[in-house]
Amino acid sequence: MSSLVTRVKLKQIEQLIEKGKRLDQRGLHDYRPIKIEQGLIERAEGSARALLGKTDVLCGVKVETGEPFPDTPNDGVMTVNAELVPLASPNFEPGPPNEDSVELARVVDRGIRESHAIDTEKLCIEPGKKVFVVFVDVYVLNHDGNLIDASALAAMSALVNTKMPNYEIKDGELKMKQGYTSLPLKSHPITVTMGKIANTLIVDPWAEEEQVMDSRISMAINEDNNICAVQKGGSGYFTPQQILEASKIAQEKSAELRKKLNW
Amino acid sequence: MNEKPEKLIDKKGIRLDGRKADELRPLKLQVGVLPNADGSAYIEHGKNKILAAAFGPREMHPKHLSQADKMVLRCRYHMAPFSVQERKSPAPSRREVELSKVIKECLEPALFLDLYPRTGVDLYVEVLQADGGTRCASITAAALALADAGVPMRDLVVACAAGKIDDTVVLDLYDAEDKLGTADVPIAYMPSMNAVTLLQMDGILTADEFEKAMNMAIDGCKKIYEIQKEALKTKYMVVKEESEE
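Let us look at the structure shown here. (Residues numbered from 1 in each chain as written. Chains lettered and ligands numbered in written order. Predicted model: local features only at pLDDT ≥ 70, side-chain atom pairs only at ≥ 80, totals over all residues.)

1. What about the overall build of chain B?
And then number 1: The number of helices and strands found in chain B is four helices and nine strands.
And then number 2: Each helix (α) and strand (β) of chain B, taken in turn from the N terminus, gives the series β-β-β-β-α-β-α-β-β-α-β-β-α.
And then number 3: Taken over the C-alpha trace, chain B has a radius of gyration of 18 Å; the compact-globule value for 245 residues is 18 Å, and the two agree within 12%.
And then number 4: Dimensions along the principal axes, computed over C-alpha positions, put chain B at roughly 55 × 45 × 35 Å. (Helix = DSSP H or I, 4+ residues; strand = E, 2+ residues; numbered from the N terminus. Rg over C-alpha atoms; globule rule 2.2 N^0.38 Å.)

So, in structure tokens, the structure goes:
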């Protein structure tokens, strides 16, 4: 729900965007400053924190052993969970995941899964019986808009940072050995989210823009500039032309971000 | 589970279920099927069998969820435990929570929310049998349920998916193609406004393939739109005839 202040600001935000400007001085297709830190949680097998302006997302990766799904006996398992931690925003409440956190988790999950970012075949220990399970937990620490991109960046950075324990199988028993290896990765998707305000697409909407925009579109792009996941959100609509425009912007912006990231 | 077939589409461009690349599954729509709902619809789309019911606009329960400046649309997408091969727990899964949200958001652009402040409309979608593309079939039925409830709308919302199997972009994937194919692009569309109100995608597509899939899905939507309008007319033509007798 939009607060009264942003309702008043709506006109100002719209008029600026019509002139190609934004309240925080950015260009329509500019990201806020991006900062990524890796490996700050020693207890986790992998971790990373992504800052997108004031939006702050921490992601921890835990690797455990478990059973594979019956229909994919040779593949390891990956699950993404997202917590909208109450300390991140006055509008977040403690309690079980609501539809916003479920959607966030599933959009981040889809980007990683559909781009085949993790080489799940290499996570198989014993076909049909034992595989590695990768738990990706997204923890929102401060909400200032565009949680999807910040969470996707944090999650992918944490996976890059993840070290798996070495192991061997002795008499059918799994034994951990000394040392660690990196999580096997095949692809590094980048998710670009755009909002629609005054019938114009803007990249990386921040909190105030999010409250006045009528819809958003997120696209995950892989190294080959292919589209691997899309999600439209919000109660508005896009014309087919706007969607194609969004896919071009997403390709450009993801390529630009990719150069800055040391994945 | 069956073994994966070698090819999902043969050299002549015929799919496993005998359809051509741009062919829809058989579709049946019926309006006003549930006596207790203010509006309802039933859809059979391939082997999908789905019921949708709309209640309202009515007072919100609990009251604090109502909004002073607009109507609130609530939606629950739910799958019956017997709707899929292996029994599904009736508790809402994360998938169902997400689909409930995107279905709600794809119908909202069609409604005049600000004309009915402090009221709510509840929309319940029950998937009785699933065969791939349930979210699209649900949306097509849900829009009809809203229209049948007499909620004023800018247009009907109609949904259809396109995707990629083997190397071909095809329309309206069914279960096996959805699971074994490489990409799926569900789209909801309001034809009179040229507005896409739901767009999701999973799988890997080049930008050209994505454009092709989107346009193919929109063409599919336009075909279903005609069947949708026909279903609505059918109910009210009967009502009209009865009133004239």
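After presenting the structure, the write-up continues.
2. As for the overall build of chain A
And then number 1: In terms of regular secondary structure, chain A is built from five helices and twelve strands.
And then number 2: Against the compact-globule benchmark of 18 Å for 263 residues, chain A has a radius of gyration of 20 Å, which places it among compact chains.
And then number 3: Taken along the three principal axes of its C-alpha coordinates, chain A extends 70 × 40 × 30 Å.
And then number 4: Restricting the contact set of chain A to residue pairs at least 6 apart, pairs at least 24 apart contribute 68%. (Contact = placed C-beta atoms within 7 Å.)

3. With respect to helix H2 (residues 134–148) of chain B
And then number 1: In a regular helix each residue adds 1.5 Å, so 15 residues correspond to 21 Å; H2(B) covers 21 Å between its end C-alpha atoms and thus fits that length.
And then number 2: Of all 15 residues making up H2(B), 15 are buried, and the element is well covered by its neighbours. (Expected span 1.5 Å × (residues − 1). Buried ≥ 20, exposed ≤ 12 C-beta atoms within 10 Å, placed from the backbone.)

4. Quick notes on the sheet that holds strand E7 (residues 168–171) of chain B
And then number 1: An order of E10(A)-E9(A)-E11(A)-E12(A)-E9(B)-E8(B)-E6(B)-E7(B) is seen for the eight strands of this open sheet, with the pairing classed as antiparallel. Unpaired on one side and paired on the other, strand E10 (200–203) of chain A together with E7 of chain B mark the two borders of the sheet. Going across the sheet, the axis of each strand differs from the next one's by a mean of 20°, ignoring polarity.
And then number 2: Packed onto the sheet, helix H1 (residues 94–107) of chain B meets strand E12 (227–233) of chain A together with strand E8 (183–190) and strand E9 (195–205) of chain B and runs at close to 140° relative to E9(B).
And then number 3: Contacts between helix H4 (residues 207–244) of chain B and the sheet are confined to E12 of chain A together with strand E6 (158–165), E7, E8 and E9 of chain B, with E6(B) contributing the most and set at about 145° to the helix. (Pairing = 2+ DSSP bridges. Axes fitted to C-alpha atoms, helices over the stretch in contact; angles between N-to-C directions.)

5. Regarding the interface of chain A and chain B
And then number 1: Listed per partner, the contact involves 29 residues of chain A and 27 residues of chain B.
And then number 2: Of all the secondary structure elements, the ones that give two or more residues to the side of chain A that touches chain B are helix H2 (99–114), E12 and helix H5 (240–260) of chain A.
And then number 3: Partitioned by chemical class, the residues of the side of chain A that touches chain B number eleven nonpolar, eleven polar and seven charged. (Nonpolar A, V, L, I, M, F, W, Y, C, P; charged D, E, K, R; others polar.)

6. A few points about H4(B)
And then number 1: The terminal C-alpha atoms of H4(B), which comprises 38 residues, lie 55 Å apart, in line with the 56 Å expected from a rise of 1.5 Å per residue.
And then number 2: Looking only at H4(B), the buried set comprises B:Glu209, B:Phe210, B:Ala213, B:Met214, B:Met216, B:Ala217, B:Gly220, B:Cys221, B:Ile224, B:Tyr225, B:Gln228 and B:Ala231.

7. Here we look at the sheet that holds strand E5 (residues 119–129) of chain B
All names here are of chain B.
And then number 1: Strand order in the open sheet made by the five strands is E1-E2-E3-E5-E4, with mixed pairing throughout. Where the open sheet ends on each side, the last strands, each with one partner, are strand E1 (27–31) and strand E4 (72–79). Across the sheet, the mean angle from the axis of one strand to that of its neighbour is 15°, orientation sign disregarded.
And then number 2: In the sheet, E4 pairs with E5 via eight bridges, with the strands oriented parallel. Along E5, the bridge assignment pairs arginine 76 with tyrosine 124.
And then number 3: Sheet strands in contact with H1 are E4 and E5, and its direction is about 140° off that of E4.

8. With respect to the pairing of E5(B)
All names here are of chain B.
And then number 1: Pairing geometry for strand E3 (residues 48–59) and E5, over nine bridges, is antiparallel. Across the sheet, residue arginine 58 finds its bridge partner in E5, namely glycine 120.
And then number 2: After leaving E4, the chain enters H1 and then returns to the sheet as E5, a path that is left-handed. (Right-handed = clockwise from strand over helix to strand, strands pointing away.)

9. A word on the pairing of strand E6 (residues 130–142) of chain A
Residue and element names in this part refer to chain A.
And then number 1: Inspection of the sheet shows strand E3 (residues 55–66) paired to E6 by eleven bridges, in the antiparallel sense. Across the sheet, valine 57 pairs through a bridge with valine 140, a residue of E6.
And then number 2: Summarising the sheet, strand E5 (residues 124–126) and E6 pair through two bridges and their orientation is antiparallel. Bridging across to E6, cysteine 124 finds its partner in valine 131.

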